[in-house]
Amino acid sequence: MRKVFSENARVKRFLVALFAAAATTTLVAQWPSFPNSPSIPRTPDGKVDLDAPTPKTADGKPDLSGVWETVPCRGCGVPVISGLGSAPPPGRGGAPPPATPAPNPGANVFGNIGGQTPGGAPYQPWADELVKKRMADNSKDNPDAHCLPMGIMQLDAHPYPKKIIQTPTEVLMIYEGSGTTVREIFLDGRPLPKKEDVEPWWNGYSVGHWEGDTLVVETTGLMDDGWLDVRGSPLTSAAKLTERIRRLNFGYLEIKVTIDDPKAYTKPFDAIVYSRIMPTSQLSEFVCIDKDAAHYIGQQQSEKK
């Protein structure tokens, strides 16, 4: 099934997606489920063994490949959309993540990038005022609602799944929630390009390297007026994003993102996203058509003023 959405339908999809992780019904996927893959480790009772060791590539690196859905935390007991049902009971899915400085490491950074940071995101005064205005406008200019690229942070944390394809020289990240967005993360030793040498892009330019079992991805060359979250926390061309990606075991992936944007924030801060493997699923095709903006939430009211 090809999914084509007008603006109004996309808004509905977007709002529904916020609650998809709490729904008990498995969403319909484009590809039929393939539960018999020999690469899926299983427990003696035939269930997917989320605690199985992290798979390795031929060169000995952790294999990040797979289809992943965002979950609040590792081992959380909430229903998810993978078809595996609710998260594993105590004793399955691994121990909770280690303590972090954040007061709430499982907070929803898709909605609020500062949800895990004491006191919230450290906005510069102009950014703080901008976020307040965007929230008052029901975030009606969010790129996700206008068929525009959402940017790395919203894509990493989006309720719709993402797929990682790993090779020795690059990692590809494909995001269902943004349709055609494919990120290339180069592992071939090239340096980050200088700002003056490249044209800025929605998702910038990403290079990575391994530090032990962690893939460290650095991204610069971003466009101004990016959105980090639904509320509208800004990201500017001065930003550098550093993702630290770890596959904790077969079942769980951790992405810790450091946002360093001195133009919009008074200091760097972190956001952590956990993802859970969808071992029998593939991404669904998604096409967005921005042609119905007049029906967006809050749009009619603003036009009447």
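To start, this report covers the structure provided alongside it. (Residues numbered from 1 in each chain as written. Predicted model: local features only at pLDDT ≥ 70, side-chain atom pairs only at ≥ 80, totals over all residues. Heavy atoms only, no water.)

## Points about the pairing of strand 3 (residues 162-166)
Selection criterion: When a residue's accessible area, from a 1.4 Å probe over protein chains only, is under 20% of the maximum for its type it is buried; when over 50% it is exposed; and in between it is partly exposed. Strands here mean DSSP runs of E at least two residues long; helices mean DSSP runs of H or I at least four residues long; both are numbered from the N terminus. Note on pairing: DSSP must find at least two bridges between two strands before they are called paired.
A one-sided burial pattern is seen for strand 3, the buried positions being K162, I164 and Q166 and the unburied ones K163 and I165. Relative to strand 3, strand 2 (residues 66-71) is paired through three bridges, and the arrangement is antiparallel. Residue pairing for strand 3: G66 is matched across the bridge by I164. Hairpin connection from strand 3 to strand 4 (residues 170-175): three residues lie between these consecutive antiparallel strands.

## Notes on the packing of aromatic side chains
What counts is decided by this rule: Only Phe, Tyr and Trp rings take part, Trp by its six-membered ring, and two of them pair if their centres are within 6.5 Å. Stacked means planes under 30 degrees apart, edge-to-face means over 60, and tilted covers everything else. Distance and angle both matter: a charge sits over a ring if NZ of Lys or CZ of Arg is within 6 Å of the ring centre and within 35 degrees of the ring normal.
Under the definition given, this model contains two aromatic pairs. Linked through ring pairs, Y123, Y265 and F269 together constitute an aromatic cluster. Taking the ring centre of F186 as reference, the NZ or CZ of R190 above it sits at 3.8 Å.

## Some thoughts on the nonpolar core
Put simply, the rule reads: By convention a nonpolar core is built from buried Ala, Val, Leu, Ile, Met, Phe, Trp, Tyr and Cys residues, the set being connected through side-chain atoms within 4.5 Å. Between two residues, a contact is recorded if the distance between any of their heavy atoms is within 4.5 Å.
With 50 residues, the main nonpolar core has I113, M153, L215, I259 and Y265 as its most contacted residues. Listed by contribution, the elements that provide at least two residues to this core are strand 2, helix 2 (125-136), helix 3 (152-157), strand 4, strand 7 (214-220), strand 10 (240-247), strand 11 (252-260) and strand 12 (269-277). When residues of this core are assigned to their parent elements, the largest contribution, six residues, is made by strand 12. The residues contacting I259, other than those within four sequence positions of it, are I113, L228, L235, K240, L241, Y265, K267, P268, F269 and A271.

## Looking at helix 2
We apply this condition: Multiplying 1.5 Å by the helix residue count minus one yields the expected span of that helix. Throughout, the arc means the angular range of directions from the helix axis out to the C-beta atoms.
Here helix 2 spans 17 Å end to end across 12 residues, near enough to the 16 Å set by a 1.5 Å rise per residue. Buried residues of helix 2: A127, V131 and R134, and no others. For helix 2, the angular spread of buried residues about the axis comes to 65°, placing them on one side. Residues P125, K133 and A136 are exposed on helix 2 and point more than 90 degrees away from its buried face. Note on helix 2: the residue one or two positions beyond its end, N138, has a positive phi of about 60°.

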